[in-house]
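Survey of secondary and tertiary structure
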Amino acid sequence: MAELTPKEIQTLKPYLEWGLTQKEYDYICDKLLHRLPNYTETGLFAVMWSEHCSYKKSKPVLRLFPNKNERVLQGPGEGAGIVDIGDDLAVVFKAESHNHPSAVEPYEGAATGVGGILRDIFSMGARPIASLDSLHFGELTDERTKYLVNGVVAGIGGYGNCMGIPTVGGEMTFDDCYRGNCLVNAMSVGLMEQKDMQKGRAAGVGNAVIYVGAKTGRDGIHGATFASSDFSDEKETQRSAVQVGNPFMEKLLMEACLKLTHEHADWLVGIQDMGAAGIASSSCEMASKAGSGLVLELEKVPQRETEMTPYEIMLSESQERMLLCVRKGYEENVIKLFKEFDLEAVVIGRVTDDGQYVLKHHGEVVTDIPVTTLTDDVLEEPSAEQMPKRLKEAKEMAPWTPDVTDAKQTLLALLQQPTIASKEMFTQTYDSQVRTSTVLGPGSDAGVMRIRKTNKALAMTTDGNGRFVYLDPEIGGQMAVVEACANVISSGALPLAMTDCLNYGDPNDPEIYYELHHSVAGMAKACEVFDTPVISGNVSLYNENNGEAIYGTPMVGMVGLIENVKHIISSTVKQAGDLLYLVGVKTKADFAGSELQKMQTKKIFGALNPVELTTINDYMKKLLTTMQTGLVQSSHDASEGGLGVCLAETLFGSGLGASVELDLTKELLFSETAGRFVVSVSPKDQVAFETALGEFATKIGEVTATENLAVTLTDENFSVPVATAQKLWEEAIPCLMKSKD
Amino acid sequence: MKIAVVVFPGSNCDIDLYEALHTVLGADVEYVSHKCEDLSEFDAVMLPGGFSYGDYLRCGAIARFSKVMPEIVRMANEGKPVFGTCNGFQILTEAGLLPGALKQNNSLKFVCKTVPLVVENVQTPFTHEYTNGEVINLPIAHADGSYYADEETLAQLEENGQVVFRYAKENPNGSLHDIAGICNERGNVLGMMPHPERAVEALLGNEDGLRVFKSLLTSGTVKTEGK
């Protein structure tokens, strides 16, 4: 089929299907090019101006995030952010969403999500040391959801296990709003020596642009625009936009790239992953960042299918490919290095100094446009926003009060809610130990990785709670950051910085834009208070199915530093006789959006109470100091299911029990007031611990040798064998996954 | 004793073996490429876990044609210690240095967890620091770890004491006779699905695997049984 001519494009408007608006097309013709773009050029604009590549809708909001402090070596704008951790070392991390591909083809969607984020890490010169995920699905009673869960989990394991990168943490929640549009966010953490830092830039006239890795096929064409539009049952052709992964190829590519960046940095000018929008985005971003131009000869691009057009070559999202800019004269060295790993490396172009992006195909010029038109000239349009009606209504509603007649039965029922229940049946299909540095793996508050040749360790977590953001974007956004900080601190680590995946519905809907704007504002405020700048991230909009949006779900990926591995804290109690404390603000009636509300009413509603960020930061740092001086035996933060669930979880697998007396009613046992911890302390450290925490620590009981959880409330006493509770918690998900209805 | 850790394309537990031997035990150990055709300077060789050649075709089936393999066969025949864990075990069976084969787990899923094992042969260069019948806990992490051999082979393995490690409480993958690790008749070639190299440091919560490597390092001074 012959490509449409520029004139035919103008008349038939295929660009509308590719995601460019009429206004944008007109702007490109009239203001940027002063001519009609041809087919390839129009395709390039469509992908480069998609939300996925340009952040045109979210940019004004993203500017709210703090992204610097004295530790940040690289903020947003590169493959991943980089933070100084001392000893001339740095931690590199980023998260990315692969929601749309995973909803269509769960295995490959999730697998290539992992593959993509790993490339972002090693393109910076860092070796990936751990992966995490944040997964949100519909209810597990739905057969298609079970299929998606199985596929996504298998995809994450399939790719990560083969790469030999341990999957050490993450989260998985279930709510009906994700049924038609699941969220699959992957985070990768890497470690590097600061001297090895790389950037994605193409500079120096005459330097070579080298393509390395897998051959280019027709897979994933328009993946970026696909990710920037919503789902509907009418669109059945989207499967071709999903890529297929080959982790073995990526393992070779990673080892080769790390050898190049660590041993031969002098050959290299820049390196970038070919992710969304493939060669197009990687090449023009590398040129744009250096203020250069490029000439690429597309017939030289290794291709695995015949008769690919320039449009297809440029827009393909075939996986496991990287683009390098190599100093002139070192091309053969680089090609030889990749050959050692049985990988193809091909010079496909050169750097120029005229700022033009020139693509040739068998000698014919198929694109000749200024680089900046693709990367910098995107039309940023102010988006309309409007407070969703439900938020106004919620503020006027009387607070909902749960009806708890039997605290023990309520606790046992909560432990079986899929969002709370053990995820071991999934996490044990991930290799969480390869590379032998995992101190705390899946199931802990945070994954903890020791850093070889130092006394240090890194704690890492992913947290997103769409329910709270749905009920109050600003407070919900703050709570996501508080929860992530709590997980990191609970492991004994100082939160350093964060990455995010911002998952929302269609931003053209003013109510959705309001959610995006205000939740980011809430997160940004919390980041300021906790001094955790946002160093990288990803935006996934248009998460809708047949017009129904997901709960806006900002995922926070937080990394913290533990100065001495001796002070790594796990969540399970250690010894009978140790004292149990509740650390944090006073437990309030925080039931809106709680697991208890959802369990009892099958929905979530109501207004959220404000979060006392400064107070929380204050006592969290004090708690951290007690951990760093060896006063804390275990710590677990209370989240879904409140204090009741938290207490049970601290006992699971410990072979111990607890006897606890709380000045709370049975309802409040399940309130989800943010930023609370259950901490165990040896009796010999009682005075020191209480002095350090002051009013923020309340002694609530002690660890017992008898394996029961015995709780005295103001209006009920109960005791339950830990084994009984643990069995229900462990078997809930396997049981749901097996049942057919 | 100088030890080689072979790196195949797709090996990913090579670092774990290396660090266990080098950093934890201070042994003389080197990475060796799958293209290396001369291992004469080494006294023992270790095949790591991972996904050699992407586990394409069949786990270990391509690796066994690597250029380094004739040297490994030579060392095995000379009675030098040859060790394979996980993918390394699969490669040893594909290469015919150990009998039987590893099939996909009964669950059809990858499984990563710590399981109890009984040590049943303490007369190999890798196990003489354990006591017979001792139960230890080691991590497993594999999708294809279900040991299979025909009845005659199984009977021989049992009779010769070639079953070195056996799953103690639960069988995590469907292995026949609950087999977790076996050696050749001579006892110098050992393959096992569990990962002793992941259990060598208290910081990571488990040191039960350490004696596999301590045994190797002291094997020159201990007489191990062989034909």
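All figures in this text were calculated on a predicted structure; none of them were measured in a lab.

Notes on the overall build of chain A
- Helix and strand counts for chain A come out as 26 helices and 28 strands.
- Seen through its C-alpha atoms, chain A measures out along the principal axes to roughly 85 × 55 × 45 Å.
- The proportion of buried residues among the 741 residues of chain A is 65%.
- Taking the intrachain contacts of chain A between residues at least 6 apart in sequence as the baseline, contacts between residues at least 24 apart amount to 84%.
- Put simply, chain A shows about 25,400 Å² of open surface, and 49% of that area lies on carbon and sulfur atoms.
- For chain A, the distance from the average site of its 65 positive side-chain charges to the average site of its 101 negative ones is 3 Å.

Here's the deal with the pattern of salt bridges
- Enumeration according to the criterion identifies 47 salt bridges over all chains in this entry.
- Between Lys-289 of chain A and Glu-78 of chain A there is a salt bridge whose closest N-O contact spans 3.4 Å. Taken together, the residues span a long stretch of sequence, with Lys-289 of chain A in helix H12 (residues 278-290) and Glu-78 of chain A in the loop between strand S1 (72-74) and strand S2 (81-86) at a distance of 211 residues.
- You can call Lys-289 of chain A partly exposed: its relative accessible area is 35%.
- Between Glu-78 of chain B and Arg-74 of chain B there is a salt bridge, and its shortest N-O distance comes to 2.9 Å.
- Taken together, the salt bridges that share partners define one network made up of Glu-139, Asp-175, Arg-467, Glu-595 and Lys-598 of chain A.

Here we look at the sheet that holds strand S14 (residues 438-440) of chain A
All names here are of chain A.
- Taken in spatial order, the six strands line up as S14-S15-S16-S21-S17-S18 in an open sheet, and their pairing is mixed. What marks the edges here is a single partner per strand, and that holds for S14 and strand S18 (534-540). Geometrically, the sheet is characterised by an average inter-axis angle of 20° between neighbouring strands, direction not taken into account.
- Across seven bridges, strand S16 (residues 457-463) lies against strand S21 (residues 553-562) in antiparallel orientation. Across the sheet, residue Ala-457 finds its bridge partner in S21, namely Ile-562.

Describing the sheet that holds strand S4 (residues 82-85) of chain B
Residue and element names in this part refer to chain B.
- Taken in spatial order, the nine strands of this open sheet run S2-S1-S3-S4-S11-S10-S9-S6-S7, and their pairing is mixed. Here the strands that pair on one side only, and so sit at the sheet edges, are strand S2 (28-33) and strand S7 (135-142). On average, each strand axis in the sheet is inclined to that of its neighbour by 25°, with strand direction left out of account.
- Here S4 pairs with strand S11 (residues 189-192) via four bridges, running parallel.

Quick word on the environment of Lys-289 of chain A
- For the pair Lys-289 of chain A and Thr-375 of chain A, spaced 86 residues apart in the sequence, the C-alpha separation amounts to 9.2 Å.
- In contact with Lys-289 of chain A, other than residues within four places in its own chain, are Gly-77, Glu-78, Gly-200 and Gln-272 of chain A.

What about the UniProt feature "binding site: Mg(2+) 1" (unreviewed entry) in chain A?
All names here are of chain A.
- As annotated by UniProt and renumbered to match this structure, "binding site: Mg(2+) 1" (unreviewed entry) occupies Glu-96 and Asn-538. With the annotated positions falling across 443 residues, the maximum pairwise C-alpha distance of 5.5 Å places them together in a single cluster.
- Of the residues examined, Glu-96 reaches a relative accessible area of 18% and is grouped as buried.
- The contact partners of Glu-96, leaving out residues within four places of it in the chain, are Ile-117, Asp-120, Val-184, Asn-185, Ala-186, Cys-501 and Asn-538.
- A polar atom in the side chain of Glu-96 sits 3.4 Å from the side chain of Lys-94.
- Following the sequence through the fold, Asn-538 ends up in strand S18.
- Its relative accessible area of 3% is what places Asn-538 among the buried residues.
- A polar side-chain atom of Asn-538 sits 2.9 Å from a polar atom in the side chain of Ser-97.

What counts and how
Residues numbered from 1 in each chain as written. Chains lettered and ligands numbered in written order. Predicted model: local features only at pLDDT ≥ 70, side-chain atom pairs only at ≥ 80, totals over all residues. Heavy atoms only, no water. Helix = DSSP H or I, 4+ residues; strand = E, 2+ residues; numbered from the N terminus. Buried < 20%, exposed > 50% of the residue type's maximum accessible area, 1.4 Å probe, protein only. Contact = heavy atoms within 4.5 Å. Areas by Shrake-Rupley, 256 points an atom, 1.4 Å probe, with all protein chains shown as cover. Lys, Arg positive; Asp, Glu negative; His and termini not counted. Charge placed at Lys NZ, Arg CZ, Asp CG, Glu CD. Salt bridge = Lys/Arg side-chain N within 4 Å of Asp/Glu carboxyl O. Pairing = 2+ DSSP bridges. Axes fitted to C-alpha atoms, helices over the stretch in contact; angles between N-to-C directions. UniProt positions renumbered as here; feature names shortened; annotations may be inferred. Polar contact = N/O pair within 3.5 Å; in protein donor to acceptor, adjacent residues only side chain to side chain.

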